[in-house]
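What the coordinates show
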Amino acid sequence: MTVATLAAGQLIAARYELARPLGAPVLQGAAPAWLARDRTTGQDVVLKFDMRPGDGWPQHDVRHPALLAPIDRLPHDGGAADVYPWLPGGEIGRLRGRAWPLLVRRLAPVVDALGTLHEAGWVHGDVKSANVLLDADGIAHIADFGSARRIGETAPAPSSPYSTSPERLDGAPADAADDIYALGALLYELVSGHPPFYPDVTPQRVREEPPAPLMGRPEPPPALRELVARCLAKRPADRPSSMRLVREELERCLELDEPREATP
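Each chain carries its own residue numbering, running from 1 in the written order of its sequence. Local features are withheld for residues below a pLDDT of 70 in this predicted model, meaning they are given only at 70 or higher, and side-chain atom pairs are given and counted only at 80 or more; totals for whole chains, interfaces and linings count all residues. Side-chain numbers come from the whole structure's heavy atoms, not from hydrogens or water.

Here's the deal with the sheet that holds strand β9 (residues 132-134)
The condition that has to hold: Between any two strands, at least two bridges found by DSSP are needed for them to pair. Every helix listed is a DSSP run of H or I at least four residues long, and every strand listed is a run of E at least two residues long, numbered separately from the N terminus. Whether two residues touch is decided by their heavy atoms; if any such pair falls within 4.5 Å, the residues are in contact. Helix axes are fitted only over the stretch in contact, all axes being lines through C-alpha atoms; the angle between N-to-C directions runs from 0 to 180 degrees.
Spatial strand order, β7-β9-β10: three strands in an open sheet with antiparallel pairing. Two strands lie at the open edges of the sheet, namely β7 (90-91) and β10 (140-142), each paired on one side alone. As paired elements, β9 and β10 share three bridges and run antiparallel to each other. Its bridge partner lying in β10, Leu 134 is registered against Ala 140. Seen against the sheet, helix α1 (residues 100-119) touches β9 and β10 and runs at an angle of roughly 30° to β10.

Below you can see the structure in the form of structure tokens.
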């Protein structure tokens, strides 16, 4: 399959009518995504076309409400198309620069979902704002598992240089610490309004240079600054050892902020 074969109005599997492409222009080898209308149900859905043959990652291994699993999988032109629910809230990046307690609460389901994924032996491999989507109620879901790998498997570096850990740049096998680094980069981006090392990210800076201190409005507490800095540590051993611990520390940050929120 090539991107050129997809066009608005095209009918896939005699059921899904393509409406428009989603996201940035497709990179070579990446899987294009389209908004489509399910003619059977009348609902909007997203079709993600995988140019590689295969069955995708075994999503029956892992279940969590914030893991956006496909509702259908179709053979298409030597590859496959996964059908996902359409989440009208868009990417979580639209909340950049909002108050940090709101952002932490929004991300909480995703942190839990990644913890469940890791405990099942999987790494998402591409945690970034474009892959965290909000439903109509503002609840966040983690999507796009095209980079998912078993822990210990060879894993190519993700497409976003801002969320790629130093060890992934060097070709290390997939590990939960990769997602913890990427989550730290996502927290940094949402709270500060831009990702670490923006706009001049380079592999050398990612490997050697600590990011600027986390800033935001209202001012993030020291506990949140310290947590994000540890998630972005150069060595995996210096990061939190699990997503469960990250979640616990985020909860403590919120608890410490409650008296201030209650003050008129």
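Right, picking up where we left off after that structure.
Section: the packing of aromatic side chains
Note the following rule: Here a Phe, Tyr or Trp ring, Trp counted by its six-membered ring, pairs with any other such ring whose centre lies within 6.5 Å, and the pair is stacked when the planes are under 30 degrees apart, edge-to-face when over 60, and tilted otherwise. When a residue's accessible area, from a 1.4 Å probe over protein chains only, is under 20% of the maximum for its type it is buried; when over 50% it is exposed; and in between it is partly exposed.
Evaluated as defined, the whole model comprises one aromatic pair. Judged by centre distance (6.0 Å) and plane angle (45°), the rings of Tyr 162 and Tyr 198 are tilted. Taken together, the residues span a long stretch of sequence, with Tyr 162 in the loop between β11 (149-150) and α2 (166-169) and Tyr 198 in the loop between α3 (176-192) and α4 (203-208) at a distance of 36 residues. What makes Tyr 198 partly exposed here is its relative accessible area of 49%.

Describing the nonpolar core
Put simply, the rule reads: As used in this record, nonpolar core signifies buried Ala, Val, Leu, Ile, Met, Phe, Trp, Tyr and Cys residues forming a set joined through side-chain atoms within 4.5 Å.
Counting residues in each nonpolar core, the largest one holds 47 residues, and the members touching the most others are Ile 92, Leu 107, Val 132, Val 246 and Leu 250. If you list the elements that add at least two residues to this core, you get α1, β9, β10, α3, α5 (222-231) and α6 (243-262). With 10 residues, α3 is the largest single contributor of residues to this core. With residues up to four places along the chain from it excluded, the contact list for Leu 107 reads Ile 92, Val 132, Leu 186, Leu 187 and Leu 190.

Brief notes about the pattern of salt bridges
To be explicit about the condition: Each reported salt bridge corresponds to a side-chain nitrogen of Lys or Arg within 4 Å of a carboxyl oxygen of Asp or Glu.
Applying the stated criterion to the full structure yields 18 salt bridges. For Arg 244, the salt bridge goes to Glu 119, with nearest N and O atoms at 2.7 Å. Here Glu 119 lies in helix α1 and Arg 244 lies in helix α6, a separation of 125 residues in the sequence. Connected through shared salt-bridge partners, Asp 112, Arg 247 and Glu 251 make up one network.

Quick look at empty space enclosed by the protein
Operational definition: Both cavities and pockets are sets of points on a 1 Å grid over the protein atoms alone; in a cavity a 1.4 Å probe fits but cannot get out, in a pocket the set is open with protein on both sides within 12 Å along at least five of seven lines, and lining residues sit with an atom within 4 Å of a point. Grid points are joined across faces, edges and corners, and a volume is the space filled by probe spheres set on the points. Amino acids outside the nonpolar list (Ala, Val, Leu, Ile, Met, Phe, Trp, Tyr, Cys, Pro) and the charged list (Asp, Glu, Lys, Arg) are all regarded as polar, and Gly is one of them.
Within the structure shown, the criterion is met by one cavity of 30 Å³ or more. Approximately 50 Å³ is the volume attributed to the largest cavity. Lining the largest cavity, in full, are Gly 125, Asp 126, Val 127, Pro 158, Ser 163, Thr 164, Ser 165, Arg 168, Asp 178, Asp 179 and Ala 182. At three residues, α3 tops the list of elements feeding residues into the lining of the largest cavity. Residue composition of the lining of the largest cavity, grouped by class: three nonpolar, four polar and four charged.

Some thoughts on α5
Rule in force here: The arc in question is the one traced by the directions running from the helix axis out to the C-beta atoms.
Among the residues of α5, those classed as buried are Leu 224, Leu 227, Val 228 and Cys 231. Seen end-on, α5 carries its buried residues on one side only, within an arc spanning 95°.

Considerations on the pairing of strand β5 (residues 72-76)
In this structure, β5 lies alongside strand β6 (residues 79-85), joined through five bridges in antiparallel fashion. Bridge pairing in β6 places Asp 72 opposite Val 83. Count of turn residues in the β5/β6 antiparallel hairpin: two residues, of which Asp 77 carries a positive phi of about 50°.

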